[in-house]
Amino acid sequence: MACLLALVIGPVVVGCDFSATEPNADDPSPDLGSYGNVADDDAADDDQADDTVDDDTIDDDIDDDSDDDVDDDADDDDVPVEGLGGQCVALHAADDRWLSVTSARTYGLRANAGATARFYLQPTDFSTYLFYDANGGYLASEDGPLQRETMLESDASRVEDGYISGAEWTLEPHVDDGSRYQLRNRRNDLLLGLAELGSDPVAFSFESVGGCTTHPEMSLDAQGEITRTTFDDGTLFGIADIHEHLMSNFSFGGGLYHGGAYHRLGVAHALHDCSAVHGEHGRRDFFGYVFDSLGLDASDALSLVIPFLVGELSEDNHETAGWPDFPDWPDAPRMSTHQAMYHRWLERAYMGGMRLMVQHATSDYVICTMMVAQGIQPSRYDCEDMTSIDRIIDETWAMQDYIDALAGGEGKGWFRVVRTPAEAREVIADGKLAVVLGIEVSNLFRCRLTPRPDGPVCDEAYIEEQLDDYYARGVRAVFPVHKYDNKFSPGDSNRGFLEPGNFLNSGHWTNVVQDCPTDDMPRGWDRGSVFFGGLIETRDEYLSDAPNDMSVFDDHPARVILRYLEPLIGGSASGDWCQNATITSFGETLLNGMMARGMLVEVDHLPSWSYRRAYEMLETNDYPAVASHGRVWGNRPFSLGGVASSGVGRCQDPDNPGSTVAGIASRAALIESVGGYPGVPLGFDLNGFAHAPGGRFAEGACAKVQSTPITYPFTSFAGDVEFTAPFVGNRAIDFNTEGLVHIGLLPEILQDARMDAGGDDTALEPLFRSAEAYVRMWEKAEERASRMR
């Protein structure tokens, strides 16, 4: 009976199949078939995929040292398992047989070298790879049998957390011959072996060949090497983007936002068709429709009640197809629920000058619950804010590992999570992107305004414990509060449909008054008329017990909403309203704990009176503030050594050249006037329900006729990278009319501004000094922390 290829654990054979025909005694090199799906030799030959090497060329294709591993410098006793990505190899077994395509759905070992498959090694982690053959097949195993798969499933396509593809293989030195490999399947932890009872796993060498098909990936549309890392005075060169959300696909229970910044299986799974979460023609992208079409004020929110109860929109919202055609998305200026920071797009932005980025983990319990519990969208885990936050932090570190693996090994990638300003300075000086981890969420540390029975006791000890935990995990920038009230402070009092969101989150009525600050302090979102005026009921004690029971909201959001329909439709309340409370004693413990650890205090979502109190605390300790949404109180943040985001104007004024960058110059001058370093960071807030800048040449975009559109190629501000016309898969992007479709169009934003400034690059210099400004701010925070301790 033939020896069939199988997966084994030690001496135990899993799922052996002895149904293949006996080998032909007259044929010295019989087709030994593949595990689990082989008929007779003729049938296998008839069905065989065209992925073989001609007999006459195999010897020429393989390197002269055909018995050696692909890495000639490898230790004889320990073959390398990392850094093999991008190589084209044939798998040669120790008994002089070759792993070959034996049918459209199977692989097997053949003695005939002319039948061997050519595999492109695509890393999924440091020592784990996809084996991708020249005709788009993957070496795979789901539950034991070896298969050739051309369409893979994944956790993303199945919306199933924890699913592992059977196409991932971990390389290990062979147990009996360290100069060769054994292949362990990541899904089932089985070794690729021979289906003889007690047999050892196959020992393979990787022979270098030609003719592979590169694994699918997004084009970069840029070429060059990063050479400029400092200015002539030795300060860091590069832009800081201090407010972004890479991983929103892991927010909101992992089901509302579509598209990953990366995926182990590649772009086809990171940016696949979104119908699994958004429904046919996007009709279940309910929140995206509300935000993109109605805006946060949701002035006709009542019209959404019936579609919400039905579970889908009454009209088509968007085409769902993703890779490789992308008919409708990404489109960050117009569509808020699709990935705009895929790692190749982020790499293009980095090549254009971004050198520091703050990656804020975010989520929203209320939005998630309304979509998931109502059956509108699927989820991968519960809707609690910190569940998503924890996953996002882990995935950001995993993305670093993935990019390292693509680059050849640990530490070799351009994407580096940093824990200290010293690390950030070193990474940027080395020409890489420093990534700072942050949190922007309402129910921070699960410290809800209205505690849950199974929730933590958010006392001082617990707060300190949580700060220690998240500090150890690398988090450095934290918003004490986001949209909704929590134990630390009232929320930012954002208007529109977020008003009932705050009500549903806590069970407290809207706690606003018209006794608001009247000086020059910027009020942020905490101002103006209240849309859901029927929810207003002012209370004197912020931390009082909630008068409304929201315990069934998790399972029955519609029931709760209908119960309170009368106050919800009670009409608006005009006037200038603001939150009737300030930072609590727990909030002060939080801020003091952050400062004692050198963490970065994000102030922009604090409501009016909390914002004032936060600045009192920061000024008492001479501690820098971070205004990553650009909320600036005179020169206060800069007097403290802090930073605030700014932006580049979009519409050019032919009568006033340079108008789009005038704000950058004035901000830099303000910073210098109080002795600060004149760096002005950006903060696009992509993937965070904040629409990106649109195209200047779009119909109706600008009041005045626009000229000087972007043309290609053009060179980066630093002069070290050339950019060509951008594509997303097969779709060409017209930046001039579409705008910042994704973060990879940052170089076009900068080129537009350079042209408006008439080639005067000094006008943009404050942007490229912002990485240095952020690191200096962080250095001061650490210095002040050491004094406070």
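Residues numbered from 1 in each chain as written. Predicted model: local features only at pLDDT ≥ 70, side-chain atom pairs only at ≥ 80, totals over all residues. Heavy atoms only, no water.

The subject of this paragraph is the pattern of salt bridges. For the structure on display, the rule yields 49 salt bridges. With its nearest N and O atoms 3.5 Å apart, the salt bridge here joins Arg769 to Asp233. In this pair, Arg769 sits in the loop between α22 (765–768) and α23 (770–788) while Asp233 sits in the loop between β14 (222–224) and β15 (239–244), placing the two residues 536 residues apart along the sequence. One salt bridge connects Asp316 with Arg283, and the closest N-O pair in it is separated by 2.8 Å. Taken as a pair, Asp316 in the loop between α7 (305–310) and α8 (343–351) and Arg283 in the loop between α5 (275–278) and α6 (286–294) lie far apart in primary sequence, 33 residues in all. Judged by relative accessible area, which is 42%, Asp316 ranks as partly exposed. (Salt bridge = Lys/Arg side-chain N within 4 Å of Asp/Glu carboxyl O. Helix = DSSP H or I, 4+ residues; strand = E, 2+ residues; numbered from the N terminus. Buried < 20%, exposed > 50% of the residue type's maximum accessible area, 1.4 Å probe, protein only.)

This brings us to the packing of helix α12 (residues 460–472) against helix α16 (residues 585–596). When two helices pack together, their arrangement is given by the angle between the helix axes and by the axis-to-axis distance. With their axes 10 Å apart at the nearest point, α12 and α16 run at an angle of 35° to one another. In terms of crossing hand, the pair formed by α12 and α16 is right-handed. Facing α12, whose interface residues are Glu460, Ile463, Glu464 and Leu467, α16 presents Phe586, Thr589, Leu590, Gly593 and Met594. The residue inventory of the contact of α12 with α16, partitioned by class, reads five nonpolar, two polar and two charged. (Axes fitted to C-alpha atoms, helices over the stretch in contact; angles between N-to-C directions. Left-handed = near helix turned anticlockwise from the far one by under 90°. Contact = heavy atoms within 4.5 Å. Nonpolar A, V, L, I, M, F, W, Y, C, P; charged D, E, K, R; others polar.)

It is worth spelling out the state of the cysteines at this point. This structure, assessed with the given rule, holds five disulfides. Taken in sequence order, the bonded cysteines of the protein chain link in the pattern 1-2, 3-4, 5-6, 7-8, 9-10. (Disulfide = S-S within 2.5 Å.)

Turning to the pairing of strand β16 (residues 354–362), a few remarks are in order. Taking burial as the measure, the nine residues of β16 include nine buried ones, the bulk of the element. For β15 and β16, the ladder comprises four bridges, and the chain directions are parallel. Paired with Asp241 across the two strands is Met357, which belongs to β16. Pairing of β16 with strand β18 (residues 433–440), which is carried by seven bridges, proceeds in the parallel orientation. Bridged to Thr362 within β18 is Glu440. (Pairing = 2+ DSSP bridges.)

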